[in-house]
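The lines below spell out each chain.
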Amino acid sequence: MRTLEQTTQEVLSLAAQHFQLAAGTLAPEDDFFKKLGIDSLQTLEMLSRIENHFGIELPDYEVQGVSDFKTLAERIQSRL
Amino acid sequence: MKSFKGKTLRWEWRDSVVELTLDHAPANEIGTAMLAELETFVDAFDVLAPETSVCIIASGRNAVFSAGGDLRELYATAVAVASKDRPAGVRAFLERIHAVMNTIDAAPFVTIAAVHGACLGGGLELALACDMIIADKMARFAFPELRLGFIPGFGGIPRLKRDLGNAFVRDLLFTGRTVNATRAHAVGLVAQLAGEGEALRIARSTAAQITKYDAVTRATAKKFIKPIPHDELRREIELFCELFIRPTVMEALEKFVQSNDVMPYLP
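Below, the structure is looked at part by part.

Rules and cut-offs
Residues numbered from 1 in each chain as written. Chains lettered and ligands numbered in written order. Predicted model: local features only at pLDDT ≥ 70, side-chain atom pairs only at ≥ 80, totals over all residues. Heavy atoms only, no water. Helix = DSSP H or I, 4+ residues; strand = E, 2+ residues; numbered from the N terminus. Rg over C-alpha atoms; globule rule 2.2 N^0.38 Å. Buried < 20%, exposed > 50% of the residue type's maximum accessible area, 1.4 Å probe, protein only. Contact = heavy atoms within 4.5 Å. Expected span 1.5 Å × (residues − 1). Arc of directions from axis to C-beta. Core = buried A, V, L, I, M, F, W, Y, C linked by side-chain atoms within 4.5 Å. Pairing = 2+ DSSP bridges. Axes fitted to C-alpha atoms, helices over the stretch in contact; angles between N-to-C directions. Nonpolar A, V, L, I, M, F, W, Y, C, P; charged D, E, K, R; others polar. Salt bridge = Lys/Arg side-chain N within 4 Å of Asp/Glu carboxyl O. Buried area = accessible area lost by both parts, 1.4 Å probe. Polar contact = N/O pair within 3.5 Å; in protein donor to acceptor, adjacent residues only side chain to side chain.

Counting its regular elements, chain A contains five helices and zero strands. For 80 residues, the compact-globule estimate of 2.2 N^0.38 gives 12 Å, and the C-alpha radius of gyration of chain A, at 11 Å, lies within 12% of that figure. Sorting the 80 residues of chain A into buried and exposed places 42% on the buried side. Long-range contacts, defined here as pairs at least 24 residues apart, represent 59% of the contacts in chain A between residues at least 6 apart.

Take a look at the structure:
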């Protein structure tokens, strides 16, 4: 079972890879909408990326209003 | 007409396979422009059918198969007329799109939706009219209509009910959430899963296999296993028009049109 810290790091790494950013560019407290400037289609892509990586389903309504990686990782953790 | 290039889509016939590519910025919304060209496409079926085994429907746009009905156009059209006249305009559009979907559903050849990216609302309804969905593992599916105060109107619920169990149908409809391709495959919505960027290639390879079989047998099998739920489709148009006259709908559409939310499909 992953720890919350491991999950957070994996989310940061997935996001950096997906948006082709250098490792270490993103931090747990970052607002990913502001930092990455993503639109609705990219949000869906990121959701797929996360679900495929962790082998979970993360309903959109559970991440609605979530804008930082740390809270996102908590939502993922509750589905692992 | 074996090839066509319009403003919202194009098609090309080659070796008994016709490929229809939706390519309408920004997200292949199905409004009057795409509807007119889809009508041109299905009108060509009589010419295409004798020499066609498979039709593949795909998207030429990044990260999206189709975001569904053109809600901005729907709102602009509805707001421009008196509220009592709105249902007539909506009904006319629905009758036309149902005719297109029914023709695709009953096409005398096998139809494959090669889906990547977002496949929402009317986009999912178009995919459901096809015989098979081959989905990129990054594809996502949803019926977000209830957030706007109406139901899917392009034949979505009857076709989803025809193919899948109630648990999934109700989850999709009542939550408006998007589901990933793996889940869609597990419940039987998606026939084959493709790696990233591979859905069209796998659809072509599947089409090449399908073309090997006898056309009459193939068409007979399709008719036998895929009846069109005509009564429920008619009922859907009536329910949509009944719901559309409620003020809730115009309020929700206005909010949607003005929204910059990154999850505009959720309330």
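Residues and elements named next belong to chain B. If you check helix H11 (residues 230–244), its first and last C-alpha atoms are 21 Å apart, about what 15 residues at 1.5 Å a residue would give, namely 21 Å. Residues Leu233, Glu236, Ile237, Phe240, Cys241 and Phe244 constitute the buried set of H11. Across the axial projection of H11, the buried residues extend over an arc of 125°, all falling on one side. Taken together, the buried residues of H11 touch helix H3 (71–79), helix H4 (86–105), helix H5 (122–129), helix H6 (156–163) and helix H12 (247–258).

Turning our eyes to something else, we now look at the nonpolar core. One finds Phe141(B) and Leu189(B) to be the most contacted residues of the largest nonpolar core, which totals 70 residues. The greatest single-element share of this core, amounting to seven residues, is contributed by H4(B). Apart from residues lying up to four places away in sequence, Leu189(B) is in contact with Leu124(B), Leu128(B), Ile133(B), Phe141(B), Leu160(B), Leu164(B), Phe168(B) and Ala184(B). With 21 residues, the next largest nonpolar core counts Phe54(A), Leu58(A), Phe69(A) and Leu72(A) among its residues.

All names here are of chain B. The mixed open sheet is built from seven strands, whose spatial order is S1-S2-S3-S5-S8-S10-S13. The open sheet is flanked by strand S1 (3–5) and strand S13 (192–194), the only strands paired with a single partner. Across the sheet, the axes of successive neighbouring strands diverge by a mean angle of 20°, strand direction being ignored. With four bridges joining them, strand S5 (residues 54–59) and strand S8 (residues 110–115) adopt parallel strand pairing. Bridge pairing links Cys55 to Thr111 in S8. Along the sheet, helix H1 (residues 32–43) makes contact with S1, strand S2 (9–14), strand S3 (17–22) and S5, crossing S2 at roughly 20°.

Moving on to the packing of H4(B) against H5(B). All names here are of chain B. The contact between H4 and H5 brings their axes to 8 Å, and the two run at 35°. Touching Met101, Ile104 and Asp105 of H4 are Gly122, Glu125, Leu126 and Ala129, all from H5. Residue classes in the contact of H4 with H5 are distributed as four nonpolar, one polar and two charged.

Attention now goes to the pattern of salt bridges. All names here are of chain B. A complete count under the given rule lists 28 salt bridges over all chains for this structure. Measuring nitrogen to oxygen at the nearest pair gives 2.7 Å for the salt bridge that ties Asp171 to Arg177. Among the residues examined, Arg177 registers a relative accessible area of 5% and is labelled buried.

For the rest of this paragraph, the subject is the interface of chain B and chain A. Of the residues lining the interface, 22 residues belong to chain B; the matching set on chain A comes to 21 residues. Summed over both sides, the interface of chain B with chain A buries roughly 1900 Å², with 57% coming from carbon and sulfur. At the boundary of chain B and chain A, one finds four salt bridges. For Glu57(A), the salt bridge is made with Arg177(B), and the minimal N-O distance between the two is 3.0 Å. At the surface where chain B touches chain A, the tally comes to nine residue pairs in polar contact (both at pLDDT 80 or more). Elements that contribute at least two residues to the side of chain B that touches chain A include exactly strand S12 (179–180) and helix H8 (181–186) of chain B. For the side of chain B that touches chain A, the residue count by class is 12 nonpolar, five polar and five charged.

So far we have only geometry, and geometry alone does not tell us how the molecule works.
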